[in-house]
Amino acid sequence: MTIRWAMVAATLGLVGALLGVEAIDAQRPGEVVAPRFVVDPFWPKPLPNRWLFGQVSGVAVDRRDHVWIVQRPKSLTEDERGAALTPPRSLCCVPAPPVMEFDAEGTLLQAWGGPGPGYDWPANEHGIFVDHQDHVWLAGNGEKDHHILKFTRTGRFLMQIGKPGAGTGDGDTRHLGRPADVRVDPAANELYVADGYGNHRVIVFDAHTGAYKRHWGANGRPPGEPGVKSFGNPVHCVRIAADGLVYVCDRRNNRIQVFRRDGAFVKEIPLAPDTRGNGAVWDLDFSVDRGQTYLYAADGENNHIWTLQRDSGRILSRLGRSGRHAGHFHWVHNLAVDSKGNLYTAEVETAKRVQKFVNQGLSPVEH
């Protein structure tokens, strides 16, 4: 064990030197600082039962600093799930259950999910969130995924908002439109939904009853209002800062829009505005200092994690690059931050993995 952790430390140091946030070495008067990260290549620990991840489409951290993922078992290729075929074509592997909980050290604690009585499992698993009461919320972006699911942390079904294939567009207050992700505001016990791959809005429900509360589109206006540049598809994330500001990922438009809880528009933050393809703003989360000084943005087209000053939107640094090695990304899809400021990232398409980046504290960055 001592030898192994010596190897971990050496590897982290090397990977940090090669792949860490672009920062200069020495502090200078007036220098701007930002968090610096190094990848832990041994996180998570190997899975039991010959299980294998498919596309990891969501990652969340709960109040225990446990890390939750939702992954897509159906995205495994035939050779990847060879041991599950009849007859088996190979010794490994078997699709893991879609919802998985890990401790901070990367040990798998439990796994559950999939179709069951009383609810409609999404055709294509997308986002996951664990709220302040340990409820697990799941979204899906399949063609007929017009609903959100709520479970206990052990997988007992609690509530469904919407029904598959029933959504009628941005004005529908009972159903979603291929929702991407959710967040719960503990102060009001309200559920905010990034809606989505079909619709062009943020919609808010009562997190206990599922009752509709309000919704809005780009610039805080009704979706589709003439003269307003609409949210593109997908509206990929919604995040609530400690000061009550609501941040929304307008992925293909390469922008973050910021609102008050009532939908009043505050400002817009462009990010890598010349990005084409799948866009630059895939997910967001905040640093864990009292003022949430920094905003982290997952960019699955350029395959970076950007660090921005939250108040100004100024880009300070970037983490990672396109590639397959530890610390690289391929379609980095979601991210989450634990109470120690460590980052966890989820990748889809052919990457099919979750990674941990250890917070090394603040380092000066170039102007």
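Note that this is a predicted model, so its numbers are computed, not measured.

Visitor: Can you break down the overall build of the protein residue by residue, with the values?
Guide: Of regular secondary structure, the protein possesses one helix and 26 strands. Whereas a compact globule of 367 residues would reach a radius of gyration of roughly 21 Å, the protein reaches 20 Å, a difference of no more than 12%. Each principal axis of the C-alpha atoms in the protein carries an extent, and together these give about 65 × 55 × 35 Å. Partitioning the intrachain contacts of the protein with sequence separation of at least 6 by distance along the chain shows that 53% fall at a separation of at least 24.

Visitor: Kindly report on empty space enclosed by the protein, identifying the contributing residues and their values.
Guide: Going through the model one piece at a time under the given rule, you end up with one cavity of 30 Å³ or more. In this structure, the largest cavity spans a volume of roughly 40 Å³. Lining the largest cavity are Gly217, Ala218, Arg221, Pro222, Pro223, Gly224, Glu225, Val228, Ser230 and Phe231.

Visitor: Requested: an account of the side chain of Asp185, with residues and values cited.
Guide: By secondary structure assignment, the location of Asp185 is in strand E12 (residues 181-185). Judged by its relative accessible area of 3%, Asp185 falls in the buried class. Sequence-distant contacts of Asp185, that is, excluding residues within four places in its chain, are made with Glu190, Tyr192, Ile240 and Arg261.

Visitor: Please provide a residue-by-residue account of the sheet that holds strand E18 (residues 255-259), values included.
Guide: The four strands lie next to each other as E16-E17-E18-E19, forming an open sheet whose pairing is antiparallel. Either end of the sheet is taken by a strand with one partner, and the two such strands are strand E16 (235-240) and strand E19 (265-270). Strand-to-strand twist in this sheet, taken as the mean axis angle between neighbours without regard to direction, amounts to 20°. When E16 meets strand E17 (residues 246-250), the two strands line up antiparallel, connected through five bridges. When the bridges of E17 are listed, Val238 appears paired with Val248.

Visitor: Could you give me a rundown of the environment of Gly341, with the residues and numbers involved?
Guide: Turning to its location among the elements, Gly341 is positioned in the loop between strand E24 (332-337) and strand E25 (343-347). Overall, Gly341 belongs to the buried group, its relative accessible area being 3%. C-alpha of Gly341 to C-alpha of Val288: the two residues are 53 residues apart in sequence and 5.8 Å apart in space. Excluding anything up to four places from it in sequence, Gly341 contacts Phe37, Val288 and Asn359.

Thresholds applied
- Residues numbered from 1 in each chain as written.
- Predicted model: local features only at pLDDT ≥ 70, side-chain atom pairs only at ≥ 80, totals over all residues.
- Heavy atoms only, no water.
- Helix = DSSP H or I, 4+ residues; strand = E, 2+ residues; numbered from the N terminus.
- Rg over C-alpha atoms; globule rule 2.2 N^0.38 Å.
- Contact = heavy atoms within 4.5 Å.
- 1 Å grid on protein atoms, 1.4 Å probe; cavity = no way out; pocket = protein on both sides within 12 Å on 5 of 7 lines; lining within 4 Å.
- Points joined across faces, edges and corners; volume = space filled by probe spheres on them.
- Buried < 20%, exposed > 50% of the residue type's maximum accessible area, 1.4 Å probe, protein only.
- Pairing = 2+ DSSP bridges.
- Axes fitted to C-alpha atoms, helices over the stretch in contact; angles between N-to-C directions.

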